[in-house]
Amino acid sequence: MPNFPSLTGQELLFSNFDFSKLSLDNIEYLIKGLYYIELEYRKETENEFGFGSPSKTISFIHRIGRKDSERGQRLREWIANNGGNYYIGKKEK
């Protein structure tokens, strides 16, 4: 078995970082970066669900959506168009 990190509960990065200091643009970049990491994780683990519940991506999208609903929707669509994840289904073509 590969030695992947155990992704459970609050990840240290997300429990100690103050995201209120980030602009919506930077949170969007963070979401997309995390999603690309999740895609690589899916390849390495040969599963279709990515990180599952520990992923903070969906809570960041909700946070953005409360401030800018169009941007939140665009991010949901971006994830769906790029394969989806545990929370956002893959867009069928």
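Here goes a summary of the coordinates provided. (Residues numbered from 1 in each chain as written. Predicted model: local features only at pLDDT ≥ 70, side-chain atom pairs only at ≥ 80, totals over all residues. Heavy atoms only, no water.)

**Comments concerning the overall build of the protein**
(1) Moving on: In terms of helices and strands, the protein carries four helices and zero strands.
(2) Moving on: Ordering the α and β elements of the protein from the N terminus gives α-α-α-α.
(3) Moving on: Taken over 93 residues, the protein has a buried fraction of 33%.
(4) Moving on: By sequence separation, contacts in the protein at least 24 residues apart represent 58% of the contacts at least 6 residues apart.
(5) Moving on: Here the protein displays about 6,400 Å² of accessible surface, and carbon together with sulfur accounts for 50% of that area. (Helix = DSSP H or I, 4+ residues; strand = E, 2+ residues; numbered from the N terminus. Buried < 20%, exposed > 50% of the residue type's maximum accessible area, 1.4 Å probe, protein only. Contact = heavy atoms within 4.5 Å. Areas by Shrake-Rupley, 256 points an atom, 1.4 Å probe, with all protein chains shown as cover.)

**Some remarks on the nonpolar core**
(1) Moving on: Membership of the largest hydrophobic core comes to 14 residues, with the highest contact counts inside it found for Ile 31, Phe 60, Ile 61, Ile 79 and Ile 88.
(2) Moving on: Elements with a minimum of two residues in this core: helix 2 (24-45), helix 3 (57-67) and helix 4 (69-81).
(3) Moving on: When near neighbours in sequence (up to four residues on either side) are disregarded, Ile 61 contacts Ile 31, Gly 72, Leu 75, Arg 76, Ile 79 and Ile 88. (Core = buried A, V, L, I, M, F, W, Y, C linked by side-chain atoms within 4.5 Å.)

**Quick word on helix 4**
(1) Moving on: Across its 13 residues, helix 4 extends 18 Å between first and last C-alpha, which sits within 8% of the 18 Å expected from 1.5 Å per residue.
(2) Moving on: All of the buried residues in helix 4 are Arg 71, Gly 72, Leu 75, Trp 78, Ile 79 and Ala 80.
(3) Moving on: Packing partners of the buried residues in helix 4 comprise helix 2 and helix 3.
(4) Moving on: Gly 83 occupies a position one or two residues after helix 4 and carries a positive phi of about 115°. (Expected span 1.5 Å × (residues − 1).)

**A closer look at helix 3**
(1) Moving on: Those residues of helix 3 that sit buried are Thr 57, Ile 58, Phe 60, Ile 61 and Ile 64. All buried residues of helix 3 lie within an arc of 155° about the axis, which places them on one face of the element. (Arc of directions from axis to C-beta.)

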